[in-house]
Amino acid sequence: MKRLANLNQLRTFEVAARRLSFKDAADELNVTHAAVSHQVKALEADLGKPLFLRKPRRVELTQTGTILFGKLNRIFNDLADALSGLNEAEMSGSLNLSVAPFFGNRILLPRLERFHRCHPNITICAQMESSMTDFRKSDLDAAIRYGPGGWPDLDAVKLNNDRNVPVCVPALIEGEQVPLAVERIASLPLAKVKNRDKDWIDWFASLGYDPQTPLTFLTYENRARAIDLAFSGHGVALADIDLVRDDLALGNLIQVHPHSLVCQNAMWVVWPKTDYPDPRLALFAEWLRADLQSS
C-alpha cells in the first residue's frame, strides 16, 4: 500500500489553495496563520516540491500545487457528499413499532400524520398488540409500553406519567351535581386494574379521605378494560387524562371530580440497548414526548 501524506497537511493545503490566502485558510480552519504556514511547508518538504509561490501580500499555486489542489478538492467534496448521504440514509426508512391498541388508537395514530409531515423520510409502521415484546425474536425496532421504567437492557424515553382522574358516563350520575363528593364516588362501583389495588386508595388518600366502608371493586386485566367499564355505564374508572381527553371533550365521559393524581407508572418508547443506537428512534421518541406535552 502506498504511503499517504499527512491528512491534516493535505486538508490545510486544500483550504489554503482554495482561498489563495494563508490568513483566510487560518480563519476557516480556526488555527493561526503560522500553523497554516507550518503545515504547508511540512507537506512541501514531504513531497519535495513547492506548492505555492510566496509573493508580497499574496500566494499563487505552482503547477504541482494546481494539480494537487484539483485532485484534493474533488476528493474532499466526494467525502463530504458521502458523509451527507450517510446522514440522510440514517434518518430515513421505516421503523416497526409495537404499541398497545388502546394507546395506539387514541394517542399514537392521530399524531402520526403530523410526525410524517415533519419527517417525511421516516415511516412509522405501528403494530397493535398488547403482548410483551421480545426484540430478539421479532423484527420490531421499538415498542411503546407502560410501566415504571428502569429496564437495564433497554433504552427508554418517558412520554408521560399517568395523571389519573375519575370518569364515568353522564347517565350513571344523571341528575347529580358535578363534582361529586368523594363519599359519593366511594359508594359507586370502581374499576381497578389487576395488581394495582392501591390506585383508588391512593387517589382517595391524596384528598385526605379514608373510606369507612368497604369499596366495591371490579377488577380488569388492563387500563383499557377498566375504562370500558366507565363506557358501559356500570361504574367509575380512574383514567389517565391523556387517554380520555377527547371523550371528555365530546361529552362521552364526564370527570366526576377535578382532583388528579400523578402516578409512578408512565408510557415509554423503548428499544434494545446497543453501542450504536438508531438515531431515528430517539428522534421519534422525543418528537412524540414533546407533542404529548404540548397537547
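In case you missed it, the structure is sitting above this.
Below or above, wherever it landed, is the structure these notes cover. (Residues numbered from 1 in each chain as written. Predicted model: local features only at pLDDT ≥ 70, side-chain atom pairs only at ≥ 80, totals over all residues. Heavy atoms only, no water.)

1. Quick word on the packing of aromatic side chains
Aromatic rings considered in pairs are described by the distance between their centres and by the relative angle of their planes.
Right, so step 1: Taken as a whole and assessed by the stated rule, the structure comprises nine aromatic pairs.
Right, so step 2: Look at W151 and W268: their rings are 5.7 Å apart centre to centre, the planes differ by 80 degrees, and that puts the pair in the edge-to-face class. Of this pair, W151 sits in the loop between β5 (142–147) and β6 (154–168) while W268 sits in strand β11 (residues 261–272), placing them 117 residues apart in sequence.
Right, so step 3: The exposure class assigned to W151 is partly exposed, which follows from its relative accessible area of 26%.
Right, so step 4: You can call W268 buried: its relative accessible area is 11%.
Right, so step 5: In textbook terms, an aromatic cluster arises when at least three aromatic residues are bridged by ring pairs, as seen for W200, W203, F204 and Y209.
Right, so step 6: Stacked on the ring of F217, the Lys or Arg K192 has its end atom at 5.8 Å from the ring centre. (Phe/Tyr/Trp six-rings, centres within 6.5 Å; stacked < 30°, edge-to-face > 60°. Helix = DSSP H or I, 4+ residues; strand = E, 2+ residues; numbered from the N terminus. Buried < 20%, exposed > 50% of the residue type's maximum accessible area, 1.4 Å probe, protein only. Lys NZ or Arg CZ within 6 Å of the ring centre and 35° of its normal.)

2. Brief notes about empty space enclosed by the protein
Right, so step 1: A full pass over the atoms with the stated rule returns two cavities of 30 Å³ or more.
Right, so step 2: Empty space within the largest cavity amounts to approximately 120 Å³.
Right, so step 3: Around the largest cavity, the lining comprises 15 residues; the ones closest to its centre are V193, R196, D199, R223 and L238.
Right, so step 4: The set of elements that each furnish at least two residues to the lining of the largest cavity consists of β6, β7 (190–193), α7 (198–206), α8 (223–232) and β9 (236–240). (1 Å grid on protein atoms, 1.4 Å probe; cavity = no way out; pocket = protein on both sides within 12 Å on 5 of 7 lines; lining within 4 Å. Points joined across faces, edges and corners; volume = space filled by probe spheres on them.)

3. Quick look at helix α9 (residues 241–250)
Right, so step 1: The set of residues buried in α9 consists of I241, D242, L243, V244, D247 and L248.
Right, so step 2: Buried positions along α9 lie against α5 (101–118), β6, α8, β9 and β10 (254–255).
Right, so step 3: G251 sits one or two residues past α9 and shows a positive phi near 85 degrees. (Contact = heavy atoms within 4.5 Å.)

4. What to know about the layout of surface pockets
Rolled over the atoms, a probe as big as a water molecule pinpoints where empty space is left.
Right, so step 1: For the largest pocket, the calculated volume is near 940 Å³.
Right, so step 2: Around the largest pocket, the lining comprises 33 residues; the ones closest to its centre are S130, S131, M132, R145 and Y146.
Right, so step 3: Looking at the lining of the largest pocket residue by residue, the classes come out as 17 nonpolar, seven polar and nine charged. (Nonpolar A, V, L, I, M, F, W, Y, C, P; charged D, E, K, R; others polar.)

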